[in-house]
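Overview (structure and organization)
Each chain, letter by letter, is given below.
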Amino acid sequence: MLKRQLAGDSSCQRCGAQSETTDHLLFTCPFARAMWFGSALALIIPPDGLFSVAQLLHHWPKMNFPNKRTSEEALSLVVFICWTLWLARNDKVFGNREWTPEEVISHAQVSCAEFLASTTGCLTPQVHIHDQQARTSMWTPPDPRTIKVNCNAALHLDEPGSGIGVVLRNHRGLPIQASSDPIPFHDALLGEALAILNGMQVASATACTRIQVESDSKELVTLIKETSTPPPVFIRSTLHDIKVLALTFNTCMFSHIPRDANQVAHALARKALSVACQTDWPLSTPWILQACCKDSEYCSCPFLQ
Ligand SMILES: [Zn+2]
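Below, the structure is looked at part by part.

Bringing the overall build of the chain into the picture now. Secondary structure summary: the chain contains eleven helices and six strands in total. The proportion of buried residues among the 305 residues of the chain is 50%. Relative to all contacts within the chain whose residues are 6 or more apart in sequence, the contacts with residues 24 or more apart total 65%. For the chain, the accessible surface area stands at approximately 15,300 Å², while carbon and sulfur atoms represent 56% of it.

Laid out in structure tokens, this is it:
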């Protein structure tokens, strides 16, 4: 458009760079570089402004992927990150809305997961069941079209301090969002309810349409699923919000799982006790990747292996 003199301002609206070329927008803009690093690819784009689509494709075969399928899936994610950066750029330039970095990453990863699920036609996750007994206390991946939302709460019994942790993962065990929030509550059941509500809000904000919500509070999951038992007064409004929000998803399931199968959310809730404010962890944070990888040892987990 600039060549045809149709564009007035050719500078980057994010960083003010003089010329918003395709390579700048998709790779070398500081915003784009942060997206690549924060994504499941954890790709480090050199800061010298010399990086292009052609270079990436040229180097791709030399990258150390364990097999062809993993390479193809990672390349699909590259395409979806580029596409999402373009969508976010347009929304910003045309004044529609400002995407947060977390929204860009999760939109790209969710879209990519949905694309891969639709192209492979694989409706059942690749779960290698070692034995049925072991699996009952393991985290299991959702089906390819569903995002699993694990939630947990942490409460200090003898000193002030409480918080919640939430992790969203796809059918390969990839984290899409992981957050800790030091919100105040004085009852563990209320904390668990607030964690579920927060997990659903995060899923809603990241454009998930099919979710499976898991909590290790059996009492809470029973209260959500069964209407015959009147809930304690102090969680009624939160339960009401959970049920109303559930109706906005195409599919929203609630399950109780053992504590062992909820380790990542548990760790995120514990972290909430030591952070000052709501924290969305970069998905490349080593302890999160390690925890997700440990959970995913029973499922195919290409980016983490
Ligand atoms: Zn820029």
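On to the pattern of salt bridges. Applying the stated criterion to the full structure yields nine salt bridges. Between Arg210 and Asp143 there is a salt bridge, and its shortest N-O distance comes to 3.3 Å. Separated by 67 residues along the polypeptide, Arg210 in strand E4 (residues 210-215) and Asp143 in the loop between helix H6 (132-136) and strand E1 (147-155) bring together distant segments of the chain. One continuous salt-bridge network, built from bridges that share partners, spans Arg14, Lys92 and Glu98.

Turning to the environment of Gly199, a few remarks are in order. As for its position among the elements, Gly199 is in helix H7 (residues 188-205). Spatially, the C-alpha atoms of Gly199 and Leu168 are 7.7 Å apart, while their sequence positions differ by 31 residues. Ignoring sequence-local partners within four residues, the contact set of Gly199 consists of Val149, Cys151, Val166 and Leu168.

Okay, empty space enclosed by the protein next. By the definition in use, this model includes three cavities of 30 Å³ or more. Its volume calculated, the largest cavity comes out at about 80 Å³. Along the walls of the largest cavity sit Cys12, Gln13, Arg14, Glu20, Leu25, Cys29, Phe31, Leu85, Arg89, Lys92 and Val93, which together make up its complete lining. Looking at the lining of the largest cavity element by element, the count peaks at four residues for helix H4 (residues 68-93). Here the lining of the largest cavity is built from residues that sort into six nonpolar, one polar and four charged.

What counts, and where the lines are drawn
- What you see as residue numbers is a count from 1 along each chain, following the sequence as written.
- Given that the model is predicted, a residue must reach a pLDDT of at least 70 before its local features are reported, and side-chain atom pairs must reach 80 or more before they are shown or counted; all residues, however, enter totals for whole chains, interfaces and linings.
- Only hydrogens and water are set aside; all other atoms, that is, all heavy atoms of the structure, feed into the side-chain values.
- Counting from the N terminus, the helices are DSSP H or I runs at least four residues long and the strands are E runs at least two residues long.
- Relative accessibility under 20% of the residue-type maximum defines a buried residue, over 50% an exposed one, and the middle range a partly exposed one, all with a 1.4 Å probe and only protein chains included.
- Contact between two residues is taken to exist if any of their heavy atoms lie within 4.5 Å; hydrogens are not considered.
- Using a 1.4 Å probe, accessible areas were evaluated by the Shrake-Rupley method; residue-level cover was limited to the displayed protein chains.
- Any Lys or Arg side-chain nitrogen located within 4 Å of an Asp or Glu carboxyl oxygen qualifies as a salt bridge.
- Think of a 1 Å grid over just the protein atoms. A cavity is a set of points where a 1.4 Å probe fits yet cannot get out, a pocket is an open set with protein on both sides within 12 Å along at least five of seven lines, and lining residues have an atom within 4 Å of a point.
- Grid points are joined across faces, edges and corners, and a volume is the space filled by probe spheres set on the points.
- Each residue receives one of three labels: charged for Asp, Glu, Lys and Arg, nonpolar for Ala, Val, Leu, Ile, Met, Phe, Trp, Tyr, Cys and Pro, and polar for the others, Gly being one of them.

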